[in-house]
Amino acid sequence: EATTSGALKGVLLQRARHVVSENQRTEDTADALEKGDWALVGKLMNLSHESMRNDYEVSCKEIDFLVDLAQKFEGVYGSRLTGGGFGGCTVTLVDEGSAEKLQNHLKEAYEKHTGMTCNCFVTSPANGACLITL
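Described in the following lines is the structure provided in the data block. Every residue gets a number counted from 1 within its own chain, in the order that chain's sequence is written. The predicted origin of the model limits local features to residues at a pLDDT of at least 70 and limits the giving and counting of side-chain atom pairs to 80 or more, whereas totals for whole chains, interfaces and linings rest on all residues. Values reported for side chains reflect all heavy atoms of the structure, with hydrogen atoms and water molecules removed beforehand.

### Topic: the overall build of the chain
What counts, and what does not: Secondary structure elements are taken from DSSP: a helix is a run of H or I of four residues or more, a strand is a run of E of two residues or more, and numbering for both begins at the N terminus. Only protein chains enter the accessibility calculation, which uses a 1.4 Å probe; a residue is then buried when its area is under 20% of its type maximum, exposed when over 50%, and partly exposed in between. Computed with the Shrake-Rupley method and a 1.4 Å probe, the accessible areas treat only the protein chains shown as cover for residues. Under the convention used here, Asp and Glu are negative, Lys and Arg are positive, and both His and the chain ends fall outside the count. Where a charge lies is defined by one atom per residue type, namely NZ (Lys), CZ (Arg), CG (Asp) and CD (Glu).
Looking only at helices and strands, the chain has 5 helices and 2 strands in total. Reading the secondary structure of the chain in the N-to-C direction produces α-α-α-α-β-β-α. Summarising its shape, the C-alpha atoms of the chain cover approximately 50 × 45 × 35 Å along the three principal directions. Split into buried and exposed, the 134 residues of the chain put 30% on the buried side. Here the chain has roughly 9,300 Å² of accessible surface; of this, 53% comes from carbon and sulfur atoms. Averaging the locations of the 13 positively and 19 negatively charged side chains of the chain gives two centres separated by 6 Å.

Structure, rendered in structure tokens:
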């Protein structure tokens, strides 16, 4: 409502648009994960990165380069900045059979482009924080 009423402008509008749209993407991603809809999860990851880069302005050229490389790689559903922003890490949803090739591609292209090394590793999803009985 604030985005269409004109109550917010400029940077405040950008930040609010990111927060509101990211909240919706989070809910939509949770639903897509439950359904195993990896294509939708990937699309939402890509939209999230675009919003963090353009509206929240917490990405950087090195991260954008890695995300772009990953998003164009066969077997990748989506890729985005993760963590606090301003550099750091990306997270990429990729078919298991393409993961090793993607890592090699990212390392080689990133070093050629920046002169720096790129560390990659494969992770698997797990339950988040929860209470346990001791």
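From this point on, the discussion continues.
### Observations concerning the pairing of strand β2 (residues 89-94)
Just so we agree on the cut-off: Pairing between strands is defined by DSSP: at least two bridges between the two strands are required.
With 6 bridges joining them, strand β1 (residues 76-82) and β2 adopt antiparallel strand pairing. Following the sheet pairing, R80 is matched in β2 by V91. What sits between the antiparallel neighbours β1 and β2 is a turn of 6 residues, in which G83 has the positive phi angle 95°.

### Observations concerning unusual backbone geometry
At E57, a residue that is not glycine, the phi angle is positive and equals roughly 55°. Here E57 is to be found in the loop between α3 (38-54) and α4 (61-71).

### Describing helix α2 (residues 10-35)
Residues three or four positions apart in an α-helix share a direction because the helix packs 3.6 residues into each turn. The condition is simple: What a helix is expected to span follows from its residue count: subtract one and scale by 1.5 Å.
In a regular helix each residue adds 1.5 Å, so 26 residues correspond to 38 Å; α2 covers 37 Å between its end C-alpha atoms and thus fits that length. Backbone geometry just downstream of α2 places G36 in the positive-phi region, at approximately 70°.

### Here we look at the pattern of salt bridges
When their charged atoms lie close together, side chains carrying opposite charge are able to pair. Inclusion rule: Note on definitions: salt bridges are taken to be side-chain nitrogens of Lys or Arg within 4 Å of carboxyl oxygens of Asp or Glu.
This structure, assessed with the given rule, holds 5 salt bridges. Between R17 and D55 there is a salt bridge; the shortest N-O distance is 2.9 Å. Here R17, found in helix α2, pairs with D55, found in the loop between α3 and α4; they are 38 residues apart in sequence, far enough to count as distant. By relative accessible area, D55 is classed as buried at 12%. With a closest N to O distance of 3.1 Å, D68 and K72 form a salt bridge. K72 sits in the exposed class, given a relative accessible area of 66%. Residues joined in a network through salt bridges with shared partners are E22, R25 and R80.

### What to know about the packing of α4 against helix α5 (residues 99-114)
Put simply, the test is: Axes here mean lines fitted to C-alpha atoms, for a helix over just the part in contact, with angles spanning 0 to 180 degrees between N-to-C directions. Convention used here: angles under 35 degrees read as roughly parallel, angles over 145 as roughly antiparallel, angles from 65 to 115 as roughly perpendicular, and any remaining angle as oblique. By definition, turning the near helix anticlockwise from the far helix through less than a right angle yields a left-handed crossing, and turning it clockwise yields a right-handed one. Two residues qualify as a contact provided that any one of their heavy atoms is within 4.5 Å of a heavy atom in the partner residue. Ten residue types, Ala, Val, Leu, Ile, Met, Phe, Trp, Tyr, Cys and Pro, are classed as nonpolar, four, Asp, Glu, Lys and Arg, as charged, and the remainder, Gly among them, as polar.
Two elements in contact, α4 and α5, have axes separated by 10 Å at closest approach and are oriented at 140°. Taken together, the axes of α4 and α5 lie oblique to each other. Our pair here, α4 against α5, has a crossing hand that is right-handed. Counting all contacts with α4, which are made through E62, F65, L66, L69 and A70, the residues of α5 involved are L102, H105, L106, A109, Y110, H113 and T114. Tallied by class, residues from the contact of α4 with α5 come to 8 nonpolar, 3 polar and 1 charged.

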